[in-house]
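# Fold and contact review
The chain contents come next:
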Amino acid sequence: MKTESSPAKAILIAANPHSGAVDRRPMLEKLHKALESAGFTPILCYDLARWQALVSELLAKGELKAVISAGGDGTLAAVVNRVPASVPILVVPLGTENLLAKHFGLSAEIGSVVELIRSGRVVRIDAGQANGRLFLVMLSCGFDAAVVARMHLERRGHISRWSWAKPIWRTLMSYRYPTISVRCDSWRGMSDTHLISEGVSSQSFNTAPIPPPTADNFTAKWVFVFNVPRYAAGLPIAEHAIDDDGLLDVCTFRGGSIWRGLAYLWAIFTRSHKKLSDCRIGKCEALDLESRHEVPYQVDGDYGGMLPVRIEVIPHRVSLIVPQ
């Protein structure tokens, strides 16, 4: 058992060598050696089933100091779903977007990783849960989820941003924008009118009074659910989201065509989408999405499945190592 004189030193590196556009194994081997030189006991593992067993074994012995998630947001989601809330996780961003790493200012530079293991602080953040599967960044349902689903079916090995061109084009040609039903028992609507009446800018949105929860049912063609204020390409869809407030941030659009989609994209770029009459923004603890059609959803950039989906927030579910 671990004692005061023998602190936990094992660092389990849960690695996805296929994240991003190039093979990451040479870099991961260097990270392993750097951690070893720093006095830790690193264990590099590419097999999810094996490292999940290693987590249990090391925890039982009191030897596990932290888990490193070396990959993209999808790798991190896999890690979070397999470790207890008490285990500190350090994200080493090796994927295409690395949205959570950008949110916390994390780097894949080896010296920075070693320093964070030594002296980083541990914070607790919320997690979303979709049909029992945890996610940290966001879930979406609609056109972009259909693109992710197509990529899921067609992907072979490493991908880059250019790899998305073909599935985006093919989805543009085939997607029919089915209606999605949104049911929420704890909706806290945050309209642009509310922001203006409170004198609140998007930068100070987080200090605005949150309306009391109400039951609400509505329909949309695009649904975005955020745990942190990040989306691909830096689009500020929900820049007011807070990672530890015990709530999920929701943004929906009602229009169903490529032209409406382009209009929404421009409004998001210019941060004016809250003013659109067919945009709804709010916060909630849980919501249900369903459709009469086959509609995919994606979680943290990975294909999640087909509707229906029950989405809930799990407050303070994840321990992360972040810079001081």
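In what follows, the accompanying structure is described. (Residues numbered from 1 in each chain as written. Predicted model: local features only at pLDDT ≥ 70, side-chain atom pairs only at ≥ 80, totals over all residues. Heavy atoms only, no water.)

### Side note on the overall build of the protein chain
- Per the secondary structure count, the protein chain includes nine helices and 16 strands.
- Put simply, the protein chain has 324 residues, and 52% of those count as buried.
- For the protein chain, restricting intrachain contacts to residue pairs at least 6 apart in sequence, the fraction spanning at least 24 positions comes to 75%.
- For the protein chain, the computed accessible surface area is about 14800 Å², with 53% contributed by carbon and sulfur atoms. (Helix = DSSP H or I, 4+ residues; strand = E, 2+ residues; numbered from the N terminus. Buried < 20%, exposed > 50% of the residue type's maximum accessible area, 1.4 Å probe, protein only. Contact = heavy atoms within 4.5 Å. Areas by Shrake-Rupley, 256 points an atom, 1.4 Å probe, with all protein chains shown as cover.)

### What about the nonpolar core?
- Judged by nonpolar contacts, the single largest core of 96 residues is most densely connected at Ile 68, Leu 100, Leu 289 and Leu 320.
- Filtering out sequence-adjacent residues up to four positions away, Leu 320 remains in contact with Ile 89, Val 91, Leu 100, Phe 104, Arg 121, Val 122, Val 123 and Ile 125. (Core = buried A, V, L, I, M, F, W, Y, C linked by side-chain atoms within 4.5 Å.)

### Observations concerning the pairing of strand 15 (residues 302-306)
- Here strand 14 (residues 296-299) pairs with strand 15 via four bridges, running antiparallel. Its bridge partner being in strand 15, Pro 296 is matched across the sheet by Met 306.
- Between strand 14 and strand 15, which pair antiparallel in sequence order, lie two residues; one of them, Asp 300, sits at a positive phi of approximately 50 degrees. (Pairing = 2+ DSSP bridges.)

### Quick notes on empty space enclosed by the protein
- Enumeration according to the criterion identifies one cavity of 30 Å³ or more in this entry.
- Computed from the structure, the largest cavity encloses a volume of approximately 30 Å³.
- Contributing to the lining of the largest cavity are Gly 71, Gly 72, Asp 73, Leu 76, Val 91, Pro 93, Asn 98, Leu 100 and Ala 101.
- Within the residue set of the lining of the largest cavity, elements represented by two or more residues are helix 3 (73-80), strand 4 (88-93) and helix 4 (99-104).
- Taken together, the residues of the lining of the largest cavity sort by class into five nonpolar, three polar and one charged. (1 Å grid on protein atoms, 1.4 Å probe; cavity = no way out; pocket = protein on both sides within 12 Å on 5 of 7 lines; lining within 4 Å. Points joined across faces, edges and corners; volume = space filled by probe spheres on them. Nonpolar A, V, L, I, M, F, W, Y, C, P; charged D, E, K, R; others polar.)

### Considerations on the layout of surface pockets
- Estimates place the volume of the second largest pocket at around 250 Å³.
- Among the elements of the structure, helix 6 (143-154), helix 7 (165-174) and strand 15 are those that each provide at least two residues to the lining of the second largest pocket.
- In terms of residue count, the dominant contributor to the lining of the second largest pocket is helix 6 (four residues).

### What about the state of the cysteines?
- For the coordinates displayed, the defined rule picks out zero disulfides.
- Take Cys 184: it sits in no disulfide, and the sulfur closest to it among the cysteines is that of Cys 284, at 4.1 Å. (Disulfide = S-S within 2.5 Å.)

### Some thoughts on the pairing of strand 16 (residues 309-322)
- The pairing of strand 4 with strand 16 spans two bridges and is classified as parallel. Counted as the bridge partner of Pro 88 is Ser 319 from strand 16.
- Across four bridges, strand 13 (residues 286-290) lies against strand 16 in antiparallel orientation. Each residue of the ladder has a partner; that of Ala 286, found in strand 16, is Glu 312.

### Some points on unusual backbone geometry
- Cis peptide bonds are those with omega within 30 degrees of zero, and the linkage from Leu 307 to Pro 308 qualifies with 15 degrees.
- In this structure, Pro 308 sits in the loop between strand 15 and strand 16.
- Even without being glycine, Asn 98 reaches a positive phi, approximately 55 degrees.
- By the element assignment, Asn 98 lies in the loop between strand 4 and helix 4.
- Under the relative-accessibility criterion, Asn 98 is labelled buried at 13%.
- The backbone phi angle of Asp 300 is positive, close to 50 degrees, even though this residue is not glycine.
- Residue position: Asp 300 is located in the loop between strand 14 and strand 15.
- Residue classification places Asp 300 among the buried positions, given a relative accessible area of 7%.

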